[in-house]
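# Notes for the structure review
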Amino acid sequence: MSTLIGNGGLPLDPVGLTGGSRFLRACLKKPTDRPPVWFLRQAGRYMAEYREVRKHHTLVEICKRPDLAAEVTITTAEKLGVDAAIIFADLLLPLEPMGLDFEFVAGEGPMVHHPLRTVEAIDRLRVDRAGQLEYVAAAIEKVAGHFGDAMGMIGFCGAPFTLASYMIEGGSSRNYIFTKQMMYSEPYAWQKLLDKLVTVLVAFCKQQVDGGADVIQIFDSWVGSLSVEDYRDYVLPVTKRLVRAVQELGVPVIYFGVDTASLLPAMRETGADVIGLDWRTPLDEGWKALGYSCAVQGNLDPITLFAPEPILETRVKQVLAQAAGRPGHIFNLGHGIVPGTPVENVQAVVRMVKAFSPMYARKDIVLDSGEVKLG
């Protein structure tokens with residue numbers, strides 16, 4: 001006798017997989033019937049339903065109203081047919097209870113009004129008001145209650161380096177001059193800032209897990225600006241602390257950065273369950289650089305979503321082929337969906353992943369004798 005098994009060489013559970021269980025199993029590098037699929041920034045301005053909400057509310061207002069944040073999250077996930085929903089929120093929300101005001105300026109992005117440039121300013125940051133962020137957990141609770149196990153529920157936070165860079169630079173940056181100056185010249189101030197961020201972020205993530213998040217994604221959006229040496233010396237230790245603290249809450253962690261091909265082996269040392277790959281490195285090369293020791297997420301170029309369907313189909317198949325049916329692949333983009341993206345193309349990718357995945361699944365057969373044959 002023989003038993004067909006899943007993409008990891010192990011028998012699948014006898015019950016059918018839901019979107020939530022499929023996503024969670026993939027995060028833990030367990031066999032699934034196909035790769036789960038969701039998208040970075042899947043709720044955004046490219047979608048008419050979101051633009052309608054934005055006519056009446058600012059981004060921060062949506063984040064702070066659990067009913068609106070849940071509505072945007074649920075509507076998007078249902079319209080796309082994905083396996084996981086990521087709560088609608090923003091990386092910079094923890095800055096406000098720490099005492100650092102910011103706003104979103106049209107055409108320029110986030111702006112911090114009083115950037116941190118001295119140790120005295122860092123000393124004044126509060127770490128005891130994370131409870132002010134409970135509105136994110138309340139939104140997660142609404143979404144998790146709506147979907148149950150039908151869909152994975154993702155909470156998230158910014159990584160210490162990325163949030164510190166916003167706080168020091170005052171917004172987005174090309175060269176991160178002030179951030180790196182503090183790293184190099186004021187190690188006490190730098191470490192104190194990172195320590196305060198970790199204290200707040202762990203409390204913030206605990207709220208989200210308590211609210212029903214199955215997984216926490218840690219966004220290190222700007223970490224690709226660092227050399228390997230600087231990452232190891234100034235960022236890896238504190239990031240590892242955050243990852244481990246979140247895992248101790250009982251959930252897997254996805255760790256994602258942009259332009260990080262050179263950093264992948266060091267990023268693996270954080271111990272994150274899943275490493276997100278951007279589109280600049282082929283998925284198979286990125287996974288190999290990680291030693292196949294963790295799950296991976298990615299990594300279709302988000303601008304491919306503007307391509308004609310034949311090209312889009314080719315690129316989706318290439319990502320699936322590079323994953324080669326290994327357990328632990330979560331199909332996603334290599335960065336977020338951009339404004340103007342055709343919604344129908346995003347929906348088409350979901351259908352393609354579901355339709356084409358069997359072509360690339362491993363067809364291992366486990367015999368009663370224990371012998372393994374590859375189909």
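Since this is a predicted model, take the numbers as computed values, not measurements.

## Focus on the overall build of the protein
The helix and strand tally for the protein stands at 14 helices and 12 strands. Taking 21 Å as the expected radius of gyration for a compact globule of 375 residues, we find that the protein reaches 21 Å, a close match to that expectation. Its C-alpha atoms put the protein at 70 × 45 × 40 Å along the principal axes. Within the protein, contacts between residues at least 6 apart in sequence are counted, and of these 73% link residues at least 24 apart. Across the protein, the mean location of the 38 positive side-chain charges is 2 Å away from that of the 43 negative side-chain charges.

## Topic: the nonpolar core
Counting residues in each nonpolar core, the largest one holds 128 residues, and the members touching the most others are Phe 39 and Tyr 231. Element by element, the count of residues in this core is highest for helix α9 (residues 187-211), at 11 residues. The contact partners of Tyr 231, leaving out residues within four places of it in the chain, are Val 223, Leu 226, Leu 236, Thr 239, Tyr 255, Leu 263, Ala 266, Met 267 and Thr 270.

## Notes on the packing of helix α7 (residues 160-169) against helix α8 (residues 177-185)
For the pair α7 and α8, interaxial distance at closest approach is 8 Å and the crossing angle is 110 degrees. One element, α7, and the other, α8, form an angle in the roughly perpendicular class. α8 is crossed by α7, and the crossing has right-handed handedness. Only Ile 177, Phe 178, Thr 179, Met 182 and Met 183 of α8 make contact with α7, whose side of the interface consists of Phe 161, Ser 165, Ile 168 and Glu 169.

## Things to note about unusual backbone geometry
Put simply, Gly 298 and Asn 299 share a cis peptide bond, and its omega is -10 degrees. With respect to the secondary-structure elements, Asn 299 resides in strand β9 (residues 295-300). Positive phi is not limited to glycine here, since Asp 259 has a value of about 60 degrees. Turning to its location among the elements, Asp 259 is positioned in the loop between β7 (253-257) and α11 (264-268). For Asp 259, a relative accessible area of 42% translates into the label partly exposed.

## Some points on the packing of aromatic side chains
Under the counting rule described, the total for this entry stands at nine aromatic pairs. Pairing Phe 156 with Phe 219 gives two aromatic rings, centres 5.4 Å apart and planes at 80 degrees, and the pair type is edge-to-face. Here Phe 156, found in strand β5 (residues 152-158), pairs with Phe 219, found in strand β6 (residues 215-220); they are 63 residues apart in sequence, far enough to count as distant. In this structure Phe 156 comes out as buried when scored by relative accessible area, which is 8%. Looking at Phe 219, the relative accessible area reads 13%, which means it is buried. Between Trp 287 and Tyr 292 the ring centres are 6.2 Å apart and the planes differ by 55 degrees, which places this aromatic pair in the tilted class. With a relative accessible area of 0%, Trp 287 lands in the buried category. A relative accessible area of 30% places Tyr 292 in the partly exposed class. Members of the aromatic cluster, connected to one another through ring pairs, are Phe 156, Phe 219 and Phe 256. The ring centre of Phe 356 lies 4.6 Å from the NZ or CZ of Lys 317, which sits over that ring.

Procedures and definitions
Residues numbered from 1 in each chain as written. Predicted model: local features only at pLDDT ≥ 70, side-chain atom pairs only at ≥ 80, totals over all residues. Heavy atoms only, no water. Helix = DSSP H or I, 4+ residues; strand = E, 2+ residues; numbered from the N terminus. Rg over C-alpha atoms; globule rule 2.2 N^0.38 Å. Contact = heavy atoms within 4.5 Å. Lys, Arg positive; Asp, Glu negative; His and termini not counted. Charge placed at Lys NZ, Arg CZ, Asp CG, Glu CD. Core = buried A, V, L, I, M, F, W, Y, C linked by side-chain atoms within 4.5 Å. Buried < 20%, exposed > 50% of the residue type's maximum accessible area, 1.4 Å probe, protein only. Axes fitted to C-alpha atoms, helices over the stretch in contact; angles between N-to-C directions. Parallel < 35°, antiparallel > 145°, perpendicular 65-115°, else oblique. Left-handed = near helix turned anticlockwise from the far one by under 90°. Phe/Tyr/Trp six-rings, centres within 6.5 Å; stacked < 30°, edge-to-face > 60°. Lys NZ or Arg CZ within 6 Å of the ring centre and 35° of its normal.

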